[in-house]
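The primary structure of each chain is shown beneath.
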Amino acid sequence: MTTPVLEVKDLNTHYGKSHILQGINLTINRGNCLALLGRNGAGKTTTLRSIVNLTKPSSGTIKYFGKNLLNQPSYKIPSYGITLVPENRGILKTLTLEENLKIVSNKNDKDNWNIEKVLEIFPSLKSKYYNNCFDLSGGEQQMLSLARALMLNPKLILLDEPSQGLAPKIVLQIEKVLHKLLADNLSILLVEQNLKLAISLASHVSVIGKGITRWEGEKLDFVKNVDKHKEWISV
Ligand code: ATP
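Rules and cut-offs
- Residues numbered from 1 in each chain as written.
- Predicted model: local features only at pLDDT ≥ 70, side-chain atom pairs only at ≥ 80, totals over all residues.
- Heavy atoms only, no water.
- Buried < 20%, exposed > 50% of the residue type's maximum accessible area, 1.4 Å probe, protein only.
- Helix = DSSP H or I, 4+ residues; strand = E, 2+ residues; numbered from the N terminus.
- Pairing = 2+ DSSP bridges.
- Phe/Tyr/Trp six-rings, centres within 6.5 Å; stacked < 30°, edge-to-face > 60°.
- Lys NZ or Arg CZ within 6 Å of the ring centre and 35° of its normal.
- Axes fitted to C-alpha atoms, helices over the stretch in contact; angles between N-to-C directions.
- Contact = heavy atoms within 4.5 Å.
- Salt bridge = Lys/Arg side-chain N within 4 Å of Asp/Glu carboxyl O.
- Near = heavy atom within 4 Å.
- Polar contact = N/O pair within 3.5 Å; in protein donor to acceptor, adjacent residues only side chain to side chain.
- Areas by Shrake-Rupley, 256 points an atom, 1.4 Å probe, with all protein chains shown as cover.
- 1 Å grid on protein atoms, 1.4 Å probe; cavity = no way out; pocket = protein on both sides within 12 Å on 5 of 7 lines; lining within 4 Å.
- Points joined across faces, edges and corners; volume = space filled by probe spheres on them.

Q: Account for the pairing of strand β7 (residues 156–160), with residues named and values stated.
A: Within β7, five of the five residues are buried, which leaves the element mostly enclosed by the surrounding structure. Side chains Leu 156, Leu 158 and Asp 160 project from β7 onto one buried face, and the interleaved Ile 157 and Leu 159 project onto a second face that is buried too. Where strand β6 (residues 82–85) and β7 come together, four bridges link them in parallel fashion. Its bridge partner being in β7, Val 85 is matched across the sheet by Leu 159. Here five bridges tie β7 to strand β8 (residues 187–191), and the two strands are oriented parallel to one another.

Q: Can you explain the packing of aromatic side chains? Please cite residues and give values.
A: Applying the stated criterion to the full structure yields three aromatic pairs. Ring geometry for Trp 215 versus Phe 222: centroids 6.0 Å apart, planes at 45 degrees, classification tilted. With a relative accessible area of 18%, Trp 215 lands in the buried category. Lying over the aromatic face of Trp 232, Arg 214 brings its terminal NZ or CZ to 4.0 Å of the ring centre.

Q: Talk me through the sheet that holds β6; I want residue IDs and the actual numbers.
A: The strands making up a sheet associate through backbone hydrogen bonding, with each pair oriented either parallel or antiparallel. In spatial order, the strands read β6-β7-β8-β3-β9-β10; together these six strands make up an open sheet with mixed pairing. Here the strands that pair on one side only, and so sit at the sheet edges, are β6 and β10 (212–218). Between one strand axis and the next, the sheet turns by 15 degrees as a mean value, whatever way the strands run. Sitting on the sheet, helix α1 (residues 44–51) is in contact with β3 (33–37), β6, β7, β8 and β9 (204–209), with an inclination near 150 degrees to β7.

Q: Requested: an account of the pattern of salt bridges, with residues and values cited.
A: Taken as a whole and judged by the stated rule, the model has four salt bridges. For Glu 98, the salt bridge is made with Lys 102, and the minimal N-O distance between the two is 2.9 Å. Pair noted here: Glu 98 and Lys 102 are both in helix α3 (residues 97–103), with a separation of four residues, about one helical turn. Lys 128 is the partner of Glu 140 in a salt bridge, and the nearest nitrogen-oxygen pair spans 2.9 Å. Within this pair, whereas Glu 140 is found in helix α5 (residues 138–151), its partner Lys 128 is found in the loop between α4 (115–121) and α5, the two being separated by 12 residues in sequence. A relative accessible area of 13% means that Glu 140 is categorised as buried.

Q: With reference to specific residues and values, describe unusual backbone geometry.
A: Its identity is not glycine, yet Asn 71 carries a phi of approximately 70 degrees, on the positive side. In this structure, Asn 71 sits in the loop between β5 (67–68) and α2 (77–80). Even without glycine at this site, Glu 161 takes up a positive phi of about 50 degrees. As for its placement among the helices and strands, Glu 161 is situated in the loop between β7 and α6 (168–183). According to the relative accessible area criterion, Glu 161 is buried, its value standing at 6%.

Q: Account for the site of the ligand, with residues named and values stated.
A: The local shell around the ligand consists of Tyr 15, Ile 20, Arg 39, Asn 40, Gly 41, Ala 42, Gly 43, Lys 44, Thr 45, Thr 46, Glu 87 and Gln 193. At 3.3 Å, a side-chain N or O of Gln 193 approaches an oxygen atom of the ligand. With the chains in place, 58% of the 630 Å² that the ligand exposes on its own is no longer accessible. With three residues, α1 is the largest single contributor of residues to the shell around the ligand.

Q: Describe in detail the layout of surface pockets, supporting the description with residues and values.
A: Where empty space is left in the structure can be found by rolling a water-sized probe over the atoms. Within this model, the largest pocket holds a volume of roughly 310 Å³. Considering the residues around the largest pocket, the lining is formed by 18 residues, among which Pro 78, Thr 83, Leu 84, Pro 86 and Leu 152 are closest to the centre. Going through the elements one at a time, α2, β6 and α5 are the ones with two or more residues in the lining of the largest pocket. A total of four residues in the lining of the largest pocket trace back to one element, the largest contributor, which is β6.

So this is what it looks like as structure tokens:
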């Protein structure tokens, strides 16, 4: 059996006195996408933030390729190969697209992601290369956010609501890129309200309700019995 890329067990996280995550379990294998589904406020974003220690977990186990990740400083985590693409996309809007990419570009290794390669995978960013990021559409900002994440050469991307607010045509473009990345063995933990997109990308699904993992299993089992999960997700 191969070691999972990420294995989370009984993760608990508080915001002050509020006990938000009360037992999250999830496993992601290499080249797979796990869709983390749940209603608003269920704790999906908190789960992603807890994994990278942007919100400090109270207890639990987080293993990345079998090694302990719990309590590792959040600034070190991208260098281990884990990148969070946050819901607000995290780009620096007062800078140009070029500057946003150059900030994370520190290698010239041809085997790694670089500016040329990310512009190949997101060709629509080429014509906006020198534009200020305020001038980018929501779709272009999402693509830039993903491009920045790739420039850090991740093995695992934590992706928070990539389709939010985007036109179906743009969502389709992003979906195609994500399929390609999965085929290249990247692993993805995907938080997504767009069930169709989540199902298209995921091999496994984890359902979270009120900070607790309610179900985890293969996508096909989830799809066959989707009504069973109505209490915890909008279907
Ligand atoms: P959504 O789909 O709406 O983004 P979510 O499943 O990602 O929801 P979280 O954002 O993780 O949910 O929030 C889980 C709970 O934690 C919610 O009740 C939310 O109000 C609370 N919460 C989130 N961030 C904070 C914070 N910084 N301080 C206090 N409570 C917070």
